[in-house]
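Here's the letter readout for the chains.
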Amino acid sequence: MQIAIIGAGVIGLALGWRLAQGGAAVTIFERDQPGQGASFAAAGMLAAACEAEPGEAALGTLSRASLALWPDFAAELEAASGQSVGLRREGTLLVALNRDDAEKLRHDMAFQQSQGITLEWLTPAETRLREPRLGPNLAGAISSPQDIQVDNRRLTQALVTAFTRAGGVLHSQTPITGIATAHGRATGVISAGNTHPADLVVLAAGAWSALLDLPIPRPPIRPVKGQMLAVQMDPADPLLRHVVWAPRAYLVPRADGRLIIGATVEERGFDDRITAGGLFSLLDGAWRALPGIEDLPILESWVGFRPGSRDDAPLLGPSELPGLSLATGHHRNGILLTPITAEAMATSILTDTPDPRIAPFHPARFTQAQPHPHLERKIA
Ligand code: FAD
Ligand code: GLY
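Quick look at the structure, then. For every chain, the first residue of its written sequence is number 1, and the numbers climb from 1 along that sequence. Key to labels: chains lettered from A, ligands numbered from 1, both in the order written. Local features in a predicted model are, by the rule used here, given only for residues with pLDDT of at least 70; side-chain atom pairs are given and counted only at 80 or more, and totals for whole chains, interfaces and linings are based on all residues. Hydrogens are left out, water is left out, and the side-chain values use all remaining heavy atoms of the structure.

As for unusual backbone geometry
- A cis amide bond, omega -25°, links Gly262 with the succeeding residue Ala263.
- Helix and strand labels come from DSSP, where a helix needs a run of H or I of at least four residues and a strand needs a run of E of at least two; each type is numbered from the N terminus. Here Ala263 lies in the loop between strand 16 (258–262) and helix 7 (276–289).
- Within the chain, Gln173 stands out as a residue other than glycine whose phi angle is a positive 50°.

The structure is reproduced here in structure tokens:
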């Protein structure tokens with residue numbers, strides 16, 4: 001089976017890797033270099049517990065299932081690529097800096113625990129034992145040991161290697177402008193006027209998924225802007241070891257001493273400007289939790305675009321056009337959701353049987369169309 005994937009972010013690359021492992025002939029088309037979109041911008045938190053919200057039960061279930069896959073996925077990817085993906089298992093602390101924060105955290109914790117998530121409330125003294133450099137205003141914290149992190153930039157590099165080693169073909173600097181169709185089904189992708197034939201096309205173009213010339217109504221995907229910055233800690237004596245969520249910023253320490261501080265959430269289309277207000281709010285939020293950052297050199301600042309959908313959940317599965325599937329809309333948790341997206345989508349495609357784990361995320365929920373299989377008939 002010939003499969004064309006549009007977009008070489010974590011989603012397109014991981015799905016391509018799984019499909020190539022399953023024997024498909026996979027080509028990924030990337031308009032830029034691989035892994036330079038949201039997958040580059042992300043913080044790499046695998047925050048199935050921290051980001052669990054009421055009203056998103058199905059997404060919470062998917063997130064926890066994906067988190068459970070992460071250790072084996074990382075080990076397999078590291079073996080296949082020969083590269084580390086920087087998985088760190090110290091866990092996450094959600095810190096309260098005053099009584100209001102503490103009340104809010106305790107309220108959220110009750111919901112998260114009702115979902116079966118293991119969390120522990122820490123007093124200020126207990127919190128400081130785990131992270132002594134946190135500021136003087138601590139009012140307690142939630143410890144979430146299962147919310148771990150991965151280095152998302154290393155992840156995309158490892159996925160490129162694993163994908164190509166599995167026989168996949170990657171065309172960088174090749175923007176896809178449209179989908180070729182014949183007899184009511186997708187038959188390939190179009191780039192610079194040329195058609196590249198495929199039995200199945202998968203749209204994995206992240207925040208840009210609604211910008212192509214598609215023969216179906218545009219998927220309800222919009223860019224949700226996030227500004228971030230990184231400061232350099234002393235790797236031999238880092239200010240933090242856990243991922244820390246403060247009330248107005250999160251802090252993600254990497255093994256090499258980089259401390260990532262994120263992120264704004266802005267509805268500004270594809271405006272890629274880094275603003276004084278954005279950086280100020282991140283630095284202020286981070287400094288209130290970890291005053292020691294004021295002496296650290298700033299390494300980098302950047303902007304990324306989360307692929308947000310109308311219900312904040314991904315679109316996974318066949319579109320209304322036979323031969324065209326979607327794997328997009330992963331919003332704030334695409335790194336976390338990479339293993340399950342790749343595994344469940346690949347299984348559905350290769351066996352022509354929908355994987356029940358992604359059934360709630362069928363794109364038809366936005367169009368009322370009846371689901372149909374990826375391919376109407378199996379193609380040898
Ligand atoms: P992308 O990585 O954006 O990849 C899409 C690719 O498609 C791009 O390379 C793009 O160039 C390409 N493309 C677009 N149009 C075309 C075309 N016409 N032809 C060819 N190629 C095309 N998630 C987490 O799980 N944990 C986090 O801590 C986290 N933090 C985040 C922080 C920020 C600031 C942001 C912005 C996101 C964060 N996310 C996080 C979300 C996560 O980054 C995304 O959900 C995920 O990276 C989406 O992956 P993707 O492959 O769908 O999109
Ligand atoms: N998940 C973190 C972010 O989107 O900023």
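Brief notes about the packing of helix 1 (residues 10–21) against helix 3 (residues 57–81)
- To obtain an axis, a line is fitted to C-alpha atoms, over the contacting stretch when the element is a helix, and the angle between two such axes runs from 0 to 180 degrees between their N-to-C directions. Taken N-terminus to C-terminus, the directions of helix 1 and helix 3 make an angle of 70°; their axes are 13 Å apart at the nearest point. Between helix 1 and helix 3, the angle falls in the class roughly perpendicular. Contacts from Ala14, Trp17, Arg18 and Gln21 of helix 1 reach helix 3 at Phe73, Glu76, Leu77 and Ala80. Oblique is the label for every angle not falling under 35 degrees (roughly parallel), over 145 degrees (roughly antiparallel), or within 65 to 115 degrees (roughly perpendicular). Should any heavy atoms of two residues lie within 4.5 Å, those residues are considered in contact.

Examining the pairing of strand 6 (residues 140–144)
- In terms of burial, strand 6 is a largely internal element, five of the five residues being buried.
- The criterion for strand pairing is that DSSP finds at least two bridges linking the strands in question. As judged from the five bridges shared by strand 4 (residues 92–96) and strand 6, these two strands associate in the antiparallel manner. Counted as the bridge partner of Thr92 is Ser144 from strand 6.
- The sheet contact formed by strand 5 (residues 120–122) and strand 6 spans three bridges and is antiparallel. Paired with Glu120 across the bridge in strand 6 is Ser143. Burial here depends on accessible area, computed with a 1.4 Å probe over protein chains only, as a share of the maximum for the residue type. Under 20% is buried, over 50% is exposed, and the range in between is partly exposed.

Description of the nonpolar core
- Formed by 48 residues in total, the largest nonpolar core has its most connected members in Ile5, Leu19, Leu77, Leu155 and Leu159.
- Those elements giving two or more residues to this core turn out to be strand 1 (2–6), helix 1, strand 2 (25–29), helix 3, helix 6 (152–165), strand 12 (200–203) and helix 8 (338–351).
- Of all the elements, helix 1 adds the most residues to this core, at eight residues.
- Setting aside residues no more than four positions away along its own chain, Leu159 makes contact with Val10, Leu13, Ala14, Trp17, Phe73 and Leu77. We define the nonpolar core as a collection of buried residues of types Ala, Val, Leu, Ile, Met, Phe, Trp, Tyr and Cys that are connected through side-chain atoms lying within 4.5 Å of one another.

Re the site of ligand 1
- Around ligand 1 lies a shell of 39 residues, among which Glu30, Ser39, Met45, His331 and Leu336 are the nearest.
- For ligand 1, an oxygen atom lies 2.8 Å from a polar atom in the backbone of His331.
- Contacts described as polar in this section are N or O atom pairs within 3.5 Å, which, within protein, must combine one atom able to donate a hydrogen with one able to accept it, while residues neighboring in sequence count only if both atoms come from side chains. Backbone polar atom of Leu336 to an oxygen atom of ligand 1: 2.8 Å apart, as the coordinates give it.
- Methods summary: accessible areas were calculated by the Shrake-Rupley approach with a probe of 1.4 Å, and residue burial reflects only the protein chains presented. Here ligand 1, which alone exposes 1000 Å², has 98% of that area covered by the protein.
- Of all the elements in the fold, those that place two or more residues in the shell around ligand 1 are helix 1, helix 2 (38–41), strand 13 (221–232) and strand 17 (298–309). We call a residue near a given molecule or strand whenever any one of its heavy atoms falls within 4 Å of it.

What to know about the packing of helix 3 against helix 8
- Interaxial distance between helix 3 and helix 8 falls to 7 Å at its minimum, and their mutual angle equals 90°. Taken together, helix 3 and helix 8 sit at an angle that is classed as roughly perpendicular. Together, Leu62, Ala65, Ser66, Leu69, Trp70 and Phe73 of helix 3 and Thr338, Pro339, Ile340 and Glu343 of helix 8 make up the contact between the two elements.
- Gly is placed with the polar residues, together with every amino acid not listed as nonpolar (Ala, Val, Leu, Ile, Met, Phe, Trp, Tyr, Cys and Pro) or charged (Asp, Glu, Lys and Arg). Here the residues of the contact of helix 3 with helix 8 are counted per class, giving seven nonpolar, two polar and one charged.

Some points on the side chain of Gln227
- Considering the arrangement of structural elements, one finds Gln227 in strand 13.
- Judged by its relative accessible area of 0%, Gln227 is buried.
- Here the side chain of Gln227 touches Glu266 through a polar contact of 2.9 Å, side chain to side chain.
- Looking at Gln227, its side chain comes within polar contact range of the main-chain nitrogen of Thr275, at 2.9 Å.

Remarks on the site of ligand 2
- Neighbouring ligand 2 are the residues Met45, Glu51, Tyr250, Ala263, Arg306 and Arg332.
- Between ligand 2 and Glu51, the relevant distance is 2.7 Å, taken from a nitrogen atom to a side-chain nitrogen or oxygen of the residue.
- Contacts to ligand 2 include Arg306, whose side-chain N or O atom sits 2.7 Å from an oxygen atom.
- Here ligand 2 has 190 Å² of accessible area as a free molecule, and 88% of this is covered by the chains.
- Among the residues making up the shell around ligand 2, the classes are represented as three nonpolar, no polar and three charged.

What about helix 7?
- To estimate the expected span of a helix, subtract one from its residue number and multiply by 1.5 Å. A rise of 1.5 Å per residue sets the reference length of helix 7, with its 14 residues, at 20 Å; its end C-alpha atoms lie 20 Å apart and thus fit the reference within 8%.
- Looking only at helix 7, the buried set comprises Gly278, Leu282, Asp284, Gly285, Ala286 and Ala289.
- The inward-facing, buried residues of helix 7 abut strand 13, strand 14 (243–246), strand 15 (249–253) and strand 16.

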